[in-house]
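Here are the chains, one letter per residue:
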Amino acid sequence: MRVTFHGVRGSVPAPGPQTSRYGGNTSCVEVRLSDGSTLALDAGTGLRELGKTLAREGRQSPVHLFLSHTHWDHVMGLPFFAPLYDKNNHLLVYPLANEAQERFQRNIFDDIHFPVSVHDIPSKVEFARPDGDVWQVGSARVRRIQLNHPGGAQGFRIDDDDGSSMAYLTDNEMNAARPIITVDELARFSDGVNLLIHDAQYVPADMPHKRGFGHSLVEDVLKLGEYARPKDLVLFHHDPDRSDDALDQIGLEAKTWLTEHAKDVGLLVAHEGLAVDLGKR
Ligand SMILES: [Zn+2]
Ligand SMILES: [Zn+2]
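Residues numbered from 1 in each chain as written. Chains lettered and ligands numbered in written order. Predicted model: local features only at pLDDT ≥ 70, side-chain atom pairs only at ≥ 80, totals over all residues.

Caption draft 1: Region of interest: the overall build of the protein chain. For the protein chain, the count of helices and strands is six helices and 14 strands. Its C-alpha atoms give the protein chain a radius of gyration of 18 Å, near enough to 19 Å, the size a compact globule of 281 residues would have. Along the first, second and third principal axes, the C-alpha atoms of the protein chain reach 55 × 40 × 35 Å. Across the 281 residues that make up the protein chain, the buried fraction comes to 47%. Residue pairs in contact within the protein chain that sit at least 24 positions apart in sequence constitute 69% of those at least 6 positions apart. (Helix = DSSP H or I, 4+ residues; strand = E, 2+ residues; numbered from the N terminus. Rg over C-alpha atoms; globule rule 2.2 N^0.38 Å. Buried ≥ 20, exposed ≤ 12 C-beta atoms within 10 Å, placed from the backbone. Contact = placed C-beta atoms within 7 Å.)

Written out as structure tokens, the structure is:
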């Protein structure tokens, strides 16, 4: 499995000189399975870059789209996804976190939010309705879990036939006041994956003002890493106001903490263009 980050920012795109190294595009992660299948995790503005990559490659195999939820920062790139405008392409959209989000999804191409109507999209767009709790997608099995986030969100775990695995958990507030999922449950869900990607939007200075916003403190993400023992832990969904220099500092402190508490867990601070080849575990 190969994982490429096209958008790593949370809440709203944040372009500009202060964010140019980590990138200002919102959530989108590309996953290439061992059989060549392409999965897109979220459709933030980073999806535009993935679309350009696929168009350059001339790939016309289906793209499997998994949305954590339908907040703007996770769907805003969808109308600008180049493969949608090629009739030879095929997009498979997997179930959303809940019914309310399923309804919203169909409103993106409604002639009001974007000039192209759903009926005029040239590519084939299909809503996949897999049975059961474990979905077979190409050479991988995908499982989902509900997260602590206003309006609901879901995370995914992907286990490929080649033995590599990853978990994508955004947007999630660890230690929320009324949690629907606990840290222990998340650790079990993502136990031993090669790559654990988690929302790490906040630092202590953001609190208590941003409690209840549905995002996690970096320190809580590190504790999840200590329990779940991934090969690499990825800090993701950076605050739009977090500068490159601030993210450098967060990365340094996080590495120090892991060296002391879970030295077999590697640390990555997600940036646009970061690509990770996952070995077997
Ligand atoms: Zn978000
Ligand atoms: Zn959200």
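Caption draft 2: Representation of unusual backbone geometry. For the bond running from threonine 170 to aspartate 171, omega is -10°, close enough to zero to count as cis. Along the chain, aspartate 171 falls in the loop between strand 10 (165-169) and helix 4 (183-189). Geometrically, the link from methionine 207 to proline 208 is a cis peptide bond, its omega value of 5° lying close to zero. In this fold, proline 208 is placed in the loop between strand 11 (195-199) and helix 5 (218-228).

Caption draft 3: Focus on the packing of helix 5 against helix 6 (residues 244-261). Between helix 5 and helix 6, the least distance of the axes is 11 Å, while the angle of their chain directions is 35°. Viewed along their axes, helix 5 and helix 6 form a crossing whose handedness is right-handed. On the side of helix 5, the interface is formed by Val218, Leu222, Gly225 and Glu226, while helix 6 contributes Ile250, Ala254, Trp257, Leu258 and His261. Here the residues of the contact of helix 5 with helix 6 are counted per class, giving six nonpolar, two polar and one charged. (Axes fitted to C-alpha atoms, helices over the stretch in contact; angles between N-to-C directions. Left-handed = near helix turned anticlockwise from the far one by under 90°. Nonpolar A, V, L, I, M, F, W, Y, C, P; charged D, E, K, R; others polar.)

Caption draft 4: Inspection of the pairing of strand 3 (residues 38-41) at higher detail. Burial along strand 3 is two-sided: the face carrying Thr38 and Ala40 and the face carrying Leu39 and Leu41 are both buried. Taking the residues between adjacent antiparallel strands as the criterion, strand 2 (residues 28-32) and strand 3 are bridged by five residues, where glycine 36 takes a positive phi near 95°. In the classification by handedness, the crossover that spans strand 3, the intervening helix 1 (residues 47-57) and the parallel strand 4 (residues 63-66) is right-handed. (Pairing = 2+ DSSP bridges. Right-handed = clockwise from strand over helix to strand, strands pointing away.)

Caption draft 5: Region of interest: the sheet that holds strand 12 (residues 232-236). Taking strand neighbours across the sheet as the criterion, the seven strands line up as 7-8-9-10-11-12-13 in an open arrangement whose pairing is mixed. The open sheet terminates on both sides in strands that have one partner only, identified here as strand 7 (134-137) and strand 13 (266-269). Pairs of neighbouring strands in the sheet enclose a mean axial angle of 20°, with direction left out of account. With seven bridges joining them, strand 8 (residues 140-146) and strand 9 (residues 154-160) adopt antiparallel strand pairing.

Caption draft 6: Structural context of helix 1. All of the buried residues in helix 1 are Leu47, Arg48, Glu49, Leu50, Gly51 and Leu54. Buried positions along helix 1 lie against strand 1 (2-7), strand 2 and strand 3. Glycine 58 lies just past helix 1 and shows a positive phi near 70°.

Caption draft 7: Region of the structure containing the environment of valine 183. Along the chain, the position of valine 183 falls in helix 4. With 17 C-beta atoms counted inside 10 Å, the residue valine 183 sits in the partly exposed group. Separated by ten residues in the primary sequence, valine 183 and glutamate 173 place their C-alpha atoms 9.8 Å from one another. In contact with valine 183, not counting residues within four places along its chain, are Met174, Asn175, Lys223, Leu224 and Tyr227.

Caption draft 8: Representation of the sheet that holds strand 3. Here seven strands make up an open sheet; going across it, the order is 6-5-4-3-2-1-14 and the pairing mixed. For this open sheet the edge positions go to strand 6 (124-127) and strand 14 (275-277), each flanked by a neighbour on one side alone. Taking the axes of each pair of neighbouring strands and ignoring which way they run, one obtains an average angle of 20° across the sheet. Sheet topology places strand 2 next to strand 3; four bridges connect them, and they run antiparallel. When the bridges of strand 3 are listed, arginine 32 appears paired with threonine 38.

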